[in-house]
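# Understanding the architecture of this molecule
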Amino acid sequence: MASKNTSSNSRQAVQRSNSDSARWIAGLLLLFIGLFAAAAVFFSFFSWAADQSGLQKSVEERVTLGIEPENLCGWAGARLGMLLVDHSFGLFGILIPAMIVLVGVRIVRQRPLLFNHSILSLFLIMILGSLTLGFAFANRWSLCCSTGWGGAFGIASSALLRTHIGAFGTLILLVGGWILTGVFINRNFINKVNEAGNVVVDKSGKVVEILKHKVVLHGRAAGEDGAAEDVPEPAPKPGPKAAAPQPAPSKAAEPAAQKPAPIRVERPSEPVAARKSVPEEDENPFLELTPDGKPVAGETAAEQTPPPAEDGEFIEVDLSRPEGRVVIGRSGLVELERPAVRDAVAAEPAPEEVPEREAAQSDPDAPFTEITVLDDAPAAEPEGVVVTVEANEAKLLDEKAIPTESYDPLKDLVNYRKPPVTLLEDYISDSEVSDEEIFENKTKIEDTLKNFGIPIQRIKATVGPTVTLYEIVQAQGIKISKVQGLENDIAQSLKALGIRIIAPIPGKGTIGIEVPNRDKQVVSMYSAVRSLRFQESKAELPVVIGRTIQNENYVFDLAKMPHLLVAGATGQGKSVGLNAIITSLLYRKHPAQLKFVMIDPKMVEFSLYAKIERHFLAKMESEDDAIITDPKKAVYTLNSLCTEMDNRLELCKKAGARNIAEYNEKFTSRRLNPMNGHRYLPYIVVVVDEFADLIMTAREVEGPVMRLAQKARAIGIHLIIATQRPDVKVITGGIKANFPARIAFRVMQMIDSRTIIDQPGANQLIGRGDMLFSKDGDLTRIQCALVETREVERICEYISKQQGYTEAYTLPDYTPDGGDAQMGSEESSAPVKYDSLFAEIARDAVSGGQISTSMIQRNYEVGFNRAGRIMMQLERAGIVGRQQGAKPRDILYHDLPSLEAKLQELGLF
Ligand SMILES: Nc1ncnc2c1ncn2[C@@H]1O[C@H](COP(=O)(O)OP(=O)(O)OP(=O)(O)O)[C@@H](O)[C@H]1O
């Protein structure tokens, strides 16, 4: 039996090597034919005219007449050129050799041929290109061949189309064809067309506006009787006397300087609200009136009396002065108002004005034209140069135009731009799993299972970037456990490492066998970040980590994990994975929304993020470096995060919010008062690389990590802990219990896999970013997205060049209670540089009897960070007590003289 198998195997191997050779030969042959044809067509573009007469002669005649071909590919090349260009597709005939080359390459590389996207795209371009050129030029002006730019096919087919659907129909058909081809080639094409369309519409709209504006100006200038040119210089600001309008003498008779300012009457046909959005240039030409409401000389009688406004309309009488306008309201009411007053009213109507105006409007017996002067200029005085008037203020206060009061944290750095995706590299890998590979694997799996007496009904293959999942439906009555036991045998027969059997596939009841692909695809961060799934994710902290076996981008919400454990042997892709997580967040979050605390005992992994300290990093005030590399400082920082957590929990309690999202929502909608210590809370993501090193050198790190892991999730502090030593001393039971989401890269032993994800599997991965994502016990195999150091550098560079905060986000300082002797002495010996406001604030605190960071912010107009630093200095100097939750700090000095003595002691006079 065994020998039978061996001989059949060797027969198969011989057959395979024969078919491989045949494929190679065929592929290379096509490749060379394609290259020759490409050269022939290319040369024929220049030599067709000279070679044409020679081609019409027989070989003997050419020999006797000594006619030589000009095409560098000889007479064969000239003929081929004629065939592909003249007789077929004209200029686009060159795409036929290109397609032949592509087919050759694919055959050599054992790629499937049918429905290849590139070949189909070239084919469509060739047909459409030939048709378009045939339609546009027919047989005119051809330089590339004898028939015409489009070749015989293009000319004949476009002529046929013209006959049947006319020139316009053909044009539409061609445009449609090109658009569809564009969409076929690149799905993004339609967006590009759309954008281009919008630009054209915008531009043409602007041109129309400018033209309209010019026409209006021209019309106006022409309509005015020369006085338009003499329009006096803008009048000086109206004084009490000058404010009222003058009677209007004849414009022509008066010297320009003494002419009363003309008033223009607008007759908008749309209601106010609609008109507001229309630029002034679009409005109707004005009927000019003098300030007292009379038309300026030269206007016709019909124009002199403003027609009664229709219901819902108003007539606006605008002074032709920069200072303002007169508006006749619906009821004929005219209001006069100075610009300054108007602006103030628009912002907030003065209480004494409102009743006056409202009374005037509501009074049915009011005279037809009543002038309400809204400043202290006497209304009765008819003189005055310019008066600014609005129709009625209530109408102009458009509710929608009033800025909403809610606080927008993104306005902190309003010009901040998220990094463009082009900073990432697209690792284009055209490695595909060939049909042959799938077929071979399927046969092997089938044979192996059959050899062990397990018949199967169906196999379905799902090709992923690194592995292909073969989903097997076994024959009725076969136990799944039987297949499970054959893992090694199947691996042996497939001669591949990294085979993983999932029996059963959760939720399906079928058996899955994951087989690594011969050529692995690189999943670029570029494609991951561009994915719709990531870009449209509504997650608070969206992370795109890579691609699943189904070739879907795997996006998760770090805020919901809520902490992440990342483990794997050295060199298997952990650091790349951490960078992918950080990069995802940098691509989606604003510096106001997110801060990182980076702990890097290896000292090299996170150093490149130091550049974005003022944008995205958080650190204790006493720390110099935002990237923490010293284990002791890491412990302090983690303890400081615990204090931050307590402060945040206290704030949430005070605000009656259950979590950070609710709290921030309340804060941004101005329901929490910053004066009571409330502030916008950014998410804090703590990334610890090489946790094993940390816990081995500073065991006390476990305490704050556990505290944070247990309580920090609700208030937006999330931990990502990475280790290359997944043993139980590092990943303790307590840590595991609080890290339900875990990522396992390849490990060497099954026991390590069990330590990380509580089951085997990670030991069967193939490395280089192949990983298992475990969430509450559910496993997903993912190829991690690759982001190289140079890409991260570019992103950090891009962010760091933008305006940032003055310093990193400040975490509460932490000093160990017993005090680390060395640390303590370092601190005490270091000269403290007090803030320039320190003494003043200390005096205010002592005389006022209270102090808080928000008070400092408010009273001294300093930012949160500076206020926090001053508070810390006051605490260290012993002037104020320690923060105790949300309670106000104690003031430890009760009279100014003793404070002054203290300030003197500190060297502050
Ligand atoms: N997702 C990926 N796609 C392709 N190649 C990868 C991927 N991840 C890692 N690699 C390759 O593996 C190499 C090692 O990756 P990485 O530095 O992330 O390993 P590591 O687990 O952090 O190692 P160490 O623990 O020693 O720092 C990378 O330089 C890269 O060439």
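The structure presented is a predicted model; accordingly, all values stated were derived computationally and were not measured.

### Here we look at the site of the ligand
Neighbouring the ligand are 14 residues; Gly573, Lys574, Ser575, Val576 and Gly769 lie closest to it. Class assignment for the residues of the shell around the ligand results in four nonpolar, eight polar and two charged.

### Quick word on the nonpolar core
The biggest cluster of nonpolar side chains holds 109 residues, and the ones touching the most others in it are Ile545 and Ile720. Looking at which element gives the most residues to this core, the answer is helix α20 (residues 631–655), with nine residues. Judged by nonpolar contacts, the second largest core, of 32 residues, contains Leu91, Phe92, Leu95 and Met126.

### A few points about the pairing of strand β10 (residues 511–516)
Extensive coverage of β10 is indicated by the burial of six of its six residues. Covered by surrounding structure in β10 are Ile511, Ile513 and Val515 together with Gly512, Glu514 and Pro516, the residues of both alternating faces. Bridge count between strand β8 (residues 467–474) and β10: six bridges; the pairing is antiparallel. Within the sheet, the bridge partner assigned to Tyr470 lies in β10 and is Ile513. Two elements, strand β9 (residues 500–502) and β10, share three bridges in a ladder whose sense is antiparallel. Directly across from Ile502, in β10, lies its bridge partner Gly512.

### Topic: the sheet that holds strand β13 (residues 564–567)
The sheet built from ten strands is open, its strands ordered β12-β11-β21-β20-β19-β13-β18-β17-β14-β16 with mixed pairing. This sheet does not close on itself; its edge strands, each paired only once, are β12 (553–557) and β16 (627–628).

### Quick notes on the UniProt feature "binding site: ATP" (unreviewed entry) in the chain
In the numbering adopted here, UniProt assigns the feature "binding site: ATP" (unreviewed entry) to Gly568, Ala569, Thr570, Gly571, Gln572, Gly573, Lys574 and Ser575. Considering the arrangement of structural elements, one finds Thr570 in the loop between β13 and α18 (574–588). Owing to 10 C-beta atoms within 10 Å, Thr570 belongs among the exposed residues under this scheme. Structurally, the position occupied by Lys574 is in helix α18.

### Here's the deal with the pairing of strand β20 (residues 770–775)
Of all six residues in β20, five are buried; the element is thus mostly enclosed. Looking at chain direction, strand β19 (residues 741–744) and β20 are connected through four bridges and run antiparallel. Counterpart to Ala744 in the pairing with β20 is Leu772. Looking at chain direction, β20 and strand β21 (residues 778–784) are connected through six bridges and run antiparallel. In the strand pairing of β21, Ser774 is matched with Leu779. In this structure, the hairpin formed by β20 and β21 is closed by a connection of two residues, where Asp776 is found at a positive phi of approximately 50 degrees.

### Structural notes on the sheet that holds β9
Read from one edge to the other, the open sheet built from four strands follows the order β7-β8-β10-β9, with strand pairing classed as antiparallel. The open sheet has two edge strands with one neighbour each: β7 (456–463) and β9. Direction aside, neighbouring strands of the sheet carry axes that sit 20 degrees apart on average. Contacting β7, β8 and β10, helix α13 (residues 435–451) crosses the sheet at an angle of about 145 degrees to β7.

### Side note on helix α5 (residues 117–137)
With 21 residues, α5 should reach 30 Å at 1.5 Å per residue; the first-to-last C-alpha distance of 30 Å fits that figure. Those residues of α5 that fall on the buried side of the exposure criterion are Met126, Gly129, Ser130, Leu131, Thr132, Leu133, Gly134 and Phe135. Where α5 ends, the next residue or the one after it, Ala138, has phi of about 50 degrees, a positive value.

### Concerning the packing of helix α4 (residues 95–108) against α5
Packed helices, taken two at a time, are described by the angle between their axes plus the distance between the axes. One way to put it is that α4 packs onto α5 with a least axis distance of 10 Å and a crossing angle of 170 degrees. Between α4 and α5, the angle is such that the two are roughly antiparallel. Residue-level contacts link Leu95, Ala98, Met99, Leu102 and Val103 of α4 to Ser118, Ile119, Leu122, Phe123, Ile125 and Met126 of α5. Among the residues forming the contact of α4 with α5, the class breakdown is ten nonpolar, one polar and no charged.

### A short note on the UniProt feature "transmembrane region" (unreviewed entry) in the chain
Feature annotation in UniProt assigns "transmembrane region" (unreviewed entry) to the following positions: residues 21–46, 89–108, 120–138 and 165–185. Between the end C-alpha atoms of residues 21–46 there is a gap of 38 Å, over a span that is 100% helix and 0% strand. Spanning residues 120–138, this segment combines 95% helix with 0% strand, and its end C-alpha atoms are found 26 Å apart.

Reading the values: the criteria
- Residues numbered from 1 in each chain as written.
- Predicted model: local features only at pLDDT ≥ 70, side-chain atom pairs only at ≥ 80, totals over all residues.
- Near = placed C-beta within 6 Å.
- Nonpolar A, V, L, I, M, F, W, Y, C, P; charged D, E, K, R; others polar.
- Core = buried A, V, L, I, M, F, W, Y, C linked by C-beta atoms within 7 Å.
- Buried ≥ 20, exposed ≤ 12 C-beta atoms within 10 Å, placed from the backbone.
- Helix = DSSP H or I, 4+ residues; strand = E, 2+ residues; numbered from the N terminus.
- Pairing = 2+ DSSP bridges.
- UniProt positions renumbered as here; feature names shortened; annotations may be inferred.
- Axes fitted to C-alpha atoms, helices over the stretch in contact; angles between N-to-C directions.
- Contact = placed C-beta atoms within 7 Å.
- Expected span 1.5 Å × (residues − 1).
- Parallel < 35°, antiparallel > 145°, perpendicular 65-115°, else oblique.

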